[in-house]
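Given next are the chains, with one letter for each unit.
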Amino acid sequence: MVTETRLRNDIDEILPGVIADRRDFHQHPEMGFQEVRTSGIVAERLRALGVEDVRTGIAKTGVTGLIRGTAGGTGRTVLLRADMDALPIQEENAVDYRSQHEGVMHACGHDGHTAMLLGTARLLQERRDTFAGTVKVLFQPAEEGGGGAKVMIDEGVLEDPKVDAAFGIHVAQEVPVGTIELRAGPAMAASDSFTFVIQGKGGHGARPQATVDPIAVGAQIVVALQTIVSRELDPTHQGVVTVGAFRAGEAANVIPDTAELRGTVRSFTPENRQLLAERIEAIVRGVAAAMRAEVDFRYRFGYPPTVNDAAMTELVRGAVGAVVGAERVIDGPQHMGAEDFSYFLERVPGCFWFVGSKNEERGLVWGHHHPRFDIDEAALGIGIESVVATTLRYLSS
Ligand SMILES: [Zn+2]
Ligand SMILES: [Zn+2]
């Protein structure tokens, strides 16, 4: 209890600095793999703190550093991760720390993640004598679609020293500030996508018999694709097949040559992921063939599902319960959104949890990726405390 009170006091002390960092990053957002300014500040700050073995330029702009416990024994290595990238969104907030970069905005909260991990590094560095083992702090580029986590893993961040567990957090605008949400098992979906071009035969809109109408074919395919989730997936499982783009034709009286369709696919297990991929392709090819059209089909596997280890989730639940109170730690729903922290969790056990950042009274209610997204910065202190408490608990367990 004494140590918990001390931790909270220390967080209160550094919080103004953490908020200042978050606002600075917010004013200078950078897109994925271009986080040059951000990662430069991160590396400089880690070195100033005395964090060891600070490595830069991993996956272009990624940074890692080591905090070695001095409490004796070799101990394990735990990885703590923050993402640094922003989004191609024009900010519509009137705050004095609004984005200074036209058309780029920290609209997902990664500015807060980066600032929180710097604060976390500071507190753990100051507590080196209380734990055995090593904390590897990792700042990654390009979570928003670029898969920066995967590139960093390919460049070796899970080795030297070998990582035994990984933890990450995300601020959450669906969750009130002061509440923490977590879930054991598959917590966020895999996100895959497809694109296909239907090759028909264009012609006069009044002479369909001389054509192969790719719009009619595409319409049948869109309807048929909806039967995969409703008729082929186990109804107690979750999945999504969305056709989000359908481009064809220019005029009311012309049947075009081609139609292009694109879609996104979400699932939570490797089996369902495979099922959806196979059945989408079979239906697209089958319906197109039945209707005399050719098809050029491409399927792309994106981020895997984010799967929290059950034992690690229990460890986090205990640690964060001591931070916000057990009654404010809630079992979250499965999120259909995807997260590239999943690549770490594919390789080492760990947990990714959500730190509530919504505040209705203050009007901080806009969701992630919205031009008016903004967080209650009290979440930053809670996030740091939850990660420090989890890390210390893990290293002493
Ligand atoms: Zn996002
Ligand atoms: Zn995000």
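By convention here, each chain's residues receive numbers from 1 onward along its written sequence. Each chain takes a letter, starting from A, and each ligand takes a number, starting from 1, following the order in which they are written. Residue-level local features of this predicted model are given only where pLDDT is at least 70; pairs of side-chain atoms are given and counted only at 80 or more, and the full residue set underlies all totals for whole chains, interfaces and linings.

Caption draft 1: Inspection of the packing of helix H7 (residues 310–324) against helix H9 (residues 378–395) at higher detail. Under this scheme, a helix contributes an axis fitted over its contacting stretch, all axes are lines through C-alpha atoms, and angles between N-to-C directions fall in the 0 to 180 degree range. For helices the rule is a DSSP run of H or I covering at least 4 residues; for strands it is a run of E covering at least 2, with both sets numbered from the N terminus onward. Remark: H7 packs on H9, axes separated minimally by 8 Å, with the N-to-C direction vectors making an angle of 135°. It follows from the interaxial angle that H7 and H9 lie oblique. For the crossing formed where H7 meets H9, the hand is right-handed. Contact residues: Leu315, Val316, Gly318, Ala319, Val320, Ala322, Val323 and Val324 in H7; Ile382, Glu385, Ser386, Ala389, Thr390, Arg393 and Tyr394 in H9. For this scheme, ten residues count as nonpolar: Ala, Val, Leu, Ile, Met, Phe, Trp, Tyr, Cys and Pro. Four count as charged, namely Asp, Glu, Lys and Arg, and the remainder, Gly too, count as polar. Of the residues belonging to the contact of H7 with H9, the class tally is ten nonpolar, three polar and two charged. Angles below 35 degrees are treated as roughly parallel, those above 145 as roughly antiparallel, those between 65 and 115 as roughly perpendicular, and all remaining angles as oblique. By definition, any crossing whose near helix is turned counterclockwise from its far helix by less than a right angle is left-handed, and any crossing with a clockwise turn is right-handed. By the convention adopted here, residues make contact when the C-beta atoms placed from their backbones lie within 7 Å.

Caption draft 2: The sheet that holds strand S13 (residues 294–300), seen in detail. Spatial ordering of the open sheet is given by S10-S12-S8-S13, a layout of four strands whose pairing is antiparallel. The sheet is open, and its two borders are formed by strand S10 (239–247) and S13, each paired with just one other strand. Averaged over all pairs of adjacent strands, the angle between their axes in this sheet comes to 15°, without regard to strand direction. When DSSP finds two or more bridges between two strands, those strands count as paired. As defined by bridge partners, strand S8 (residues 190–199) adjoins strand S12 (residues 258–267) across ten bridges and the pair is classed as antiparallel. Bridge assignment links Gln199 to a residue of S12, and that residue is Thr258. Contacts between helix H5 (residues 214–232) and the sheet are confined to S8, S10 and S12, with S10 contributing the most and set at about 170° to the helix. Here helix H6 (residues 270–290) sits on the sheet in contact with S8, S10, S12 and S13, set at roughly 170° to S13.

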